[in-house]
Amino acid sequence: MPRRYFAILLVLLALPLFSTPLILGAATATSPLRLFAWIYPFYLIASAWCAWRVYPRRPDLAWILAILMVMSTAAMWWLASHPELIAPL
């Protein structure tokens, strides 16, 4: 897969970054989800950047980072939709 197609894929995987206000809205003031919601956008940006930089030399590592981005997005949405399962701080 050429590098530009992988870059397009990474941009698509980073689009949930714009859902951070929705996740923050689902979190209560004492919920650990609030901390995760603040860290999540930085994680997505850093993962996408690292995957893009490493793709020419280590495509397997880049795909692992992309899969972790998908899994972390699913985890954040699951935590936001089930806030009662998170213990308060």
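Caption draft 1: Layout of the overall build of the chain. When its secondary structure is counted, the chain shows four helices and zero strands. Along the chain, helices and strands appear, N-terminal first, in the series α-α-α-α. Based on the C-alpha atoms only, the size of the chain along its principal axes is roughly 45 × 20 × 15 Å. Within the chain, the proportion of its 89 residues that are buried is 35%. In the chain, 71% of the contacts between residues at least 6 apart in sequence involve partners at least 24 apart. Summed over all atoms, the accessible surface of the chain reaches about 5,800 Å², with 77% contributed by carbon and sulfur.

Caption draft 2: Highlighting the side chain of Ser 47. Within the element layout of this structure, Ser 47 appears in helix 3 (residues 32-54). Assessed through its relative accessible area of 6%, Ser 47 is described here as buried. The contacts of Ser 47, once residues within four sequence positions are left out, are Leu 65 and Met 69.

Caption draft 3: Broad picture of helix 4 (residues 59-81). Over its 23 residues, helix 4 extends 33 Å from the first C-alpha to the last, a length consistent with the 33 Å expected when each residue adds 1.5 Å. All of the buried residues in helix 4 are Ala 62, Leu 65, Ala 66, Met 69, Ser 72, Thr 73, Met 76, Leu 79 and Ala 80. Residues of helix 4 that are buried sit in contact with helix 1 (3-14), helix 2 (20-26) and helix 3.

Caption draft 4: Local environment of the nonpolar core. Core analysis: the largest hydrophobic core is formed by 23 residues, its most contacted members being Phe 6, Leu 10, Ile 23, Leu 33 and Met 69. Broken down by secondary-structure element, the contributors of at least two residues to this core are helix 1, helix 2, helix 3 and helix 4. In contact with Met 69, not counting residues within four places along its chain, are Leu 10, Leu 13, Ala 14, Tyr 43, Leu 44, Ser 47 and Ala 48.

Caption draft 5: Representation of the packing of helix 1 against helix 3 within the structure. Across the interface, helix 1 lies against helix 3 with an axial gap of 10 Å and an inter-helix angle of 170 degrees. The angle between helix 1 and helix 3 places the two elements in the roughly antiparallel class. Touching Arg 3, Phe 6, Ala 7, Leu 10, Leu 13 and Ala 14 of helix 1 are Leu 44, Ala 48, Ala 51, Trp 52 and Arg 53, all from helix 3. Among the residues forming the contact of helix 1 with helix 3, the class breakdown is nine nonpolar, no polar and two charged.

Caption draft 6: Inspection of the pattern of salt bridges at higher detail. Enumeration according to the criterion identifies one salt bridge in this entry. Between Arg 58 and Asp 60 there is a salt bridge, with the nearest N and O atoms lying 4.0 Å from each other.

Caption draft 7: Here's a closer look at the packing of helix 1 against helix 4. Axis separation between helix 1 and helix 4 bottoms out at 10 Å; the angle between their running directions is 20 degrees. Looking at the two axes, helix 1 sits roughly parallel to helix 4. For the pair helix 1 and helix 4, the crossing hand works out as left-handed. Every residue of helix 4 that contacts helix 1 at Phe 6, Leu 9, Leu 10, Leu 13 and Ala 14 is listed here: Ala 62, Trp 63, Ala 66, Met 69 and Val 70. Residue classes in the contact of helix 1 with helix 4 are distributed as ten nonpolar, no polar and no charged.

What counts and what doesn't
- Residues numbered from 1 in each chain as written.
- Predicted model: local features only at pLDDT ≥ 70, side-chain atom pairs only at ≥ 80, totals over all residues.
- Heavy atoms only, no water.
- Helix = DSSP H or I, 4+ residues; strand = E, 2+ residues; numbered from the N terminus.
- Buried < 20%, exposed > 50% of the residue type's maximum accessible area, 1.4 Å probe, protein only.
- Contact = heavy atoms within 4.5 Å.
- Areas by Shrake-Rupley, 256 points an atom, 1.4 Å probe, with all protein chains shown as cover.
- Expected span 1.5 Å × (residues − 1).
- Core = buried A, V, L, I, M, F, W, Y, C linked by side-chain atoms within 4.5 Å.
- Axes fitted to C-alpha atoms, helices over the stretch in contact; angles between N-to-C directions.
- Parallel < 35°, antiparallel > 145°, perpendicular 65-115°, else oblique.
- Nonpolar A, V, L, I, M, F, W, Y, C, P; charged D, E, K, R; others polar.
- Salt bridge = Lys/Arg side-chain N within 4 Å of Asp/Glu carboxyl O.
- Left-handed = near helix turned anticlockwise from the far one by under 90°.

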